[in-house]
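If you want the building blocks of each chain, they are given just below.
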Amino acid sequence: MTTQEDAGGLFTPDRVAVVGATDRDGAIGRAIIDNLSDFDNDVIAVNPGRDDVLGYPCYPDLGDAPPVDLAVVVVPPQIVVDAVRDAGQAGVENVVVITAGFSETGGDGADRERDLVAVADDYDINLVGPNSLGLLSTPTGLNATFGPSNALPGNLSFMSQSGAFITAVLDWANDQGIGFKDIASLGNKAVLSETDFMQAWADDPDTNVILGYLEGVDDGREFIDDAREVTQDTPAVVVKSGRTEAGAQAASSHTGTIAGSEAAYEAGFKQAGVVRAENVQELFDFARALDGLPMPNSEDVAVITNAGGPGVMATDAVGDSRLSMASFEDDTIDALQGSMPDEANVYNPVDVIGDAEIDRFRTAIDTVLADEHVGCALVLSAPTAVIDYTELSGVITALQEKHNKPVVTCLMGGERTEQATDVLGDAGIPNYFDPARAIGSLDALAVQREVESRDYQAPTAFDVDRDAARDILEDAADRGATRLGVEAMDLLDAYGIPTPTGDVVDSPDAARRVARDIEGDVVMKIVSPDILHKSDIGGVKVGVETDAVADAYEDLITRATNYQPDATILGIQVQEMVDVDAGTETILGMNRDPQFGPLLLFGLGGIFVEILEDTSVRVAPVSEREAGDMIDDLDSAPLLRGARGRDPADEAAITEAIQRLSQLVTDFPAILELDVNPLLATDDSATALDVQLTIDPDEL
C-alpha cells in the first residue's frame, strides 16, 4: 500500500462485510456490527449459521455475497487463514483481521501468521492486523472496530500498535473536543505497517497531521526513506514506547554501549523528519499546533503576559527548547514604550502588568507580531478582574489572522477559560494551562519548519577497494576470529580513511625492518583479538627508538602472555608515532541495530568517551550534510573549531571520514560493531590511530 488510491477501500469502502458476525451478547462480532450502524454505505454479515444478523443480510461465505470492498474478519484463529483465502478468492482487496492468537503468542500462532502473510501475498490483499482493534474513518461514519467509542470528525489521522491505547485516546479526545479523519489499529503488522499508513495519509488532502503510537518499526531504513518523503509536506508526530531499552543488549565496544536501541530510534526519527513526542500529552499538544497554525518564519519567539512569574516560566521553557527569545527592533520597543505604562516591561518577555485591560493587550500583541524579528508568539494571562478571557480570545484570533504568524495561548485558570478556549480552538489556536506546554508546541512547529526546508542528499559513493576489505574480513573469518583490532587497520585504508604508516609483524627482526622505514620514533602495540584494552596491561609502548624496537617487541609479547596466557597473539603493530597533542581525539564508531541497521556514532574520544558521552548518532548511510550535522550536534564542537586558542580541526576531513565509514559498514553487514578511537582531528587531517571491530562470519 503506497498511495491513498491503493488504500481507498480501507477507509472509503462502499460495502463492508463482517466475517464472523453474530448477534450474541458480549461477542466481538456483535460489537463490530453495532459500531457499523452509523456507516453511510452498505454492511453485510458473513456467518453460515445465520440468515441475518441484527437486521443485516447474512451470507454463508464471501463467495456468495455481493462484491465487498472491506472484509473485517473476527473468527477463531484456527480458521482465519481460510477466511482470508476466501476473501481473496472473492476479489476482496482490503481485509482487517481482528482475531488474536498469532505471532504474539509464539509457536503455532507464529506459523499461522506466516500462512496468513502468504495468502495475503498470493491475492495481493491489503491486510491490517492480525490482533487489531480495527479501522475507523469519520467522513463516512465507518467504525469497523470493537471499541466503546466513536471519534469526532477532524483532520488528524492516527495509527497505533496498541488497540487498548486507541480506546483510551478516543475517550479522552472526545472529552477534549479533538477530532480525527482516520484511525488504524496496526496489530501485529503482518502485512501493512506504519510506513504504509504514513504514505497513504500523506496523499490524503483531508489529513493535516499524522499521529502514531509505536512500540517499534519493522524496517528502520525503509521507515526513514519513506517518512522523509511524507514529512516534507505532512507533519508526523510519534510516541515511541520502550525508551528504557537502551543498552539492554551487551556490547563490547564504546559505540555499542552508548548507541543502544533508544539512540537508534532517536536518530532514525530525526533523519526521517518525524516529530517525536515524549508522552501522550505532547502527542496531542503538538498535533493541535501543527493542525491549526501556520509555519513560523523563524525560531524567535515573543512572550506577551500580564504575570511576571509565568512569564519567567515561559522564558525558561524557551531556554530548554530549540527556540530563542526574539530581540525586538528599535521601532517595536519605541512603540511599546509609548503605549505601555512606565511599570511595564517592553523587552521580551513583554509584561503588560496585572491591571492590563483588553486594549493594552491588543496594542502589545499587535505591536509585537508586526516585528519582523518575531517568528511566533505566546500570549500568557493570569485571571484578573479587569480582563475577560472570551473577549481576549477574540482579540488574539483577529491579530493572529492579521499577521499570519503562529500564536499559542496560556490563559491560566479553570472554568472561566472554557468559552475562550472554544473560541481559540475554532481559529486553530491551542490554549494551555502550563506555559511549558505552550512553548513545547511552538518548538514542534519549529522542528517541522526545519524538516520542510531540508534538502535531502544522496550519500556520496567514494572510490574504495571493496575487494581488499572483503579479503581482510574473510581472512579473519577463516581463522575463526570474530573480534579484530589493529590488525584490521588496512580495512580503513581500503576505504580511504587515513591511518599512520606501519604494519603488524610477528618477529623482532620484522619489527626492526618496519621501524627503519618510519621517520622518527614509533608506537608499538599488542595485536590480539582477546585483549581489548591494551593500555591497561602495558601493551602499548610510545616513543620507541629504532634500536630499541626488538627489545620492546619481546617485552610486549611477554606482558601479553603473562596477562592472558590463552590469548591469541597475532603479533605487534609497529606504527608511526603521531603527536596526539597536535589535535583533538575523537571517536568514530558503529553499532548494528536490529531495526535500523548500522548506527554511526561520532563524538569526543580518547579516555573521555564513556565519561562525557558527548556523542551524536545517525543511521547509515549518511550524506555529507548529515555527517556535518553530527559535528554540529556536539556540545564539544567548539573544541574542534578552535575554542580557547586551539587550532581548529579540519571539519571537511572529519566529515569525509564519517561518510567513508558509513559506506564501509553499509557495504559489509558482517561488521556488527566498530570503533575508531581515537580518530585524531588536526588542522589538516582526520587520522585513525586505533580500531577494533566485531564481525559475524556468517554474513560474509
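Keep in mind that what you see is a predicted model, and the values were worked out from it rather than measured. (Residues numbered from 1 in each chain as written. Predicted model: local features only at pLDDT ≥ 70, side-chain atom pairs only at ≥ 80, totals over all residues. Heavy atoms only, no water.)

## Focus on the nonpolar core
- Membership of the largest hydrophobic core comes to 80 residues, with the highest contact counts inside it found for F158 and F180.
- For this core, the leading source of residues is helix α16 (residues 435-452), giving 8 residues.
- Counting 52 residues, the second-largest nonpolar core is a separate cluster that includes V43, A184, I210 and L601. (Core = buried A, V, L, I, M, F, W, Y, C linked by side-chain atoms within 4.5 Å. Buried < 20%, exposed > 50% of the residue type's maximum accessible area, 1.4 Å probe, protein only. Helix = DSSP H or I, 4+ residues; strand = E, 2+ residues; numbered from the N terminus.)

## Let's talk about the sheet that holds strand β12 (residues 209-214)
- Spatial ordering of the open sheet is given by β9-β8-β11-β10-β12-β13-β14, a layout of 7 strands whose pairing is mixed. Two strands lie at the open edges of the sheet, namely β9 (142-145) and β14 (275-277), each paired on one side alone. Sheet twist, expressed as the average angle between the axes of neighbouring strands with direction ignored, equals 15°.
- In this structure, strand β10 (residues 156-160) lies alongside strand β11 (residues 182-185), joined through 3 bridges in parallel fashion. Directly across from S160, in β11, lies its bridge partner S185.
- Against the sheet, helix α6 (residues 194-202) engages β10, β11, β12 and β13 (236-240), with an angle of about 170° to β10. (Pairing = 2+ DSSP bridges. Axes fitted to C-alpha atoms, helices over the stretch in contact; angles between N-to-C directions. Contact = heavy atoms within 4.5 Å.)

## As for the pairing of strand β25 (residues 584-593)
- Summarising burial for β25: 8 of the 10 residues are buried, a large majority.
- As judged from the 7 bridges shared by β25 and strand β28 (residues 671-681), these two strands associate in the antiparallel manner. Pairing of N591 across the sheet is with E673, part of β28.
- Here 8 bridges tie β25 to strand β26 (residues 597-604), and the two strands are oriented antiparallel to one another. In the sheet register, R592 faces β26, and the bridge partner there is P598.
- Between β25 and β26, which pair antiparallel and follow one another directly, the connecting turn spans 3 residues.

## Focus on the sheet that holds strand β23 (residues 540-544)
- Strand order in this open sheet of 4 strands is β21-β24-β22-β23, and the pairing throughout is antiparallel. Each end of this open sheet is capped by a strand with a single partner; those strands are β21 (502-505) and β23. Averaged over all neighbouring strand pairs, the angle between strand axes comes to 20°, with direction disregarded.
- Sheet analysis places strand β22 (residues 522-527) next to β23, joined by 3 bridges and oriented antiparallel. In the strand pairing of β23, M524 is matched with K541.
- Where helix α19 (residues 508-516) meets the sheet, its contacts fall on β21, β22 and β24 (571-576), and the angle it forms with β21 comes to roughly 175°.

## Brief notes about the state of the cysteines
- One pass over the structure, following the stated rule, counts 0 disulfides.
- Counting only cysteine sulfurs, C410 is the nearest neighbor of C376, a cysteine outside any disulfide, at a range of 15 Å.
- C376 gets classed as buried once you look at its relative accessible area, which sits at 1%.
- Classification of C410 by relative accessible area gives buried; the value is 0%. (Disulfide = S-S within 2.5 Å.)

## Here we look at unusual backbone geometry
- Put simply, G129 and P130 share a cis peptide bond, and its omega is 0°.
- Relative to the helices and strands, P130 resides in the loop between β7 (126-128) and β8 (134-137).
- Look at the link from A620 to P621: it is a cis peptide, with omega at 0°.
- The topology assignment puts P621 in the loop between β27 (615-619) and α22 (624-632).
- The phi dihedral of D124 falls on the positive side, at around 55°, and the residue is not glycine.
- Following the sequence through the fold, D124 ends up in the loop between α4 (108-122) and β7.
- A positive phi is found at I353, a non-glycine position, where the angle reads about 65°.
- Position of I353 among the secondary structure elements: in the loop between β17 (350-351) and α13 (358-369).

## Observations concerning helix α14 (residues 389-403)
- Spanning 15 residues, α14 covers 21 Å between terminal C-alpha atoms, matching the ideal 21 Å at 1.5 Å per step.
- Residues of α14 that are buried: Y389, L392, S393, V395, I396, T397, L399, Q400 and H403.
- The N-cap residue of α14 is D388: its side-chain oxygen and the backbone nitrogen of T390 are 3.2 Å apart.
- With its phi angle positive at about 50°, N404 sits one or two positions after the end of α14. (Expected span 1.5 Å × (residues − 1). Polar contact = N/O pair within 3.5 Å; in protein donor to acceptor, adjacent residues only side chain to side chain.)

## Structural notes on the environment of L369
- Within the secondary structure, L369 is located in helix α13.
- Residues L369 and S241, 128 residues apart in the sequence, show an inter-C-alpha distance of 38 Å.
- Not counting residues up to four positions away in its chain, the partners in contact with L369 are A377, L399, H403, K405 and V407.

## Some points on the packing of helix α3 (residues 80-89) against α4
- At their nearest, the axes of α3 and α4 sit 9 Å apart, and the two run at 5° to each other. As judged from the angle between their axes, α3 and α4 are roughly parallel. Every residue of α4 that contacts α3 at V80, V81, V84 and R85 is listed here: R112, D115, L116 and V119.
- Class assignment of the residues belonging to the contact of α3 with α4 gives a composition of 5 nonpolar, no polar and 3 charged. (Parallel < 35°, antiparallel > 145°, perpendicular 65-115°, else oblique. Nonpolar A, V, L, I, M, F, W, Y, C, P; charged D, E, K, R; others polar.)

## Overview of the packing of aromatic side chains
- Going through the model one piece at a time under the given rule, you end up with 13 aromatic pairs.
- Here R112 stacks its cationic end above the ring of F102, 5.8 Å away from the centre of that ring.
- The ring of F668 has R466 lying over it, and the distance from NZ or CZ to the ring centre is 5.6 Å. (Phe/Tyr/Trp six-rings, centres within 6.5 Å; stacked < 30°, edge-to-face > 60°. Lys NZ or Arg CZ within 6 Å of the ring centre and 35° of its normal.)

## Digging into the confidence of the model for the chain
- Overall, the predicted model of the chain reaches an average pLDDT of 93, with 95% of residues at or above 70.
- Low pLDDT (under 50) marks residues 1-5, which in the prediction has 17 contacts with non-local residues, meaning those over four places away or in another chain.
- Note that pLDDT drops below 50 for residues 245-260; the model gives that stretch 40 contacts with residues more than four away or on any other chain. (pLDDT = per-residue confidence, 0-100.)

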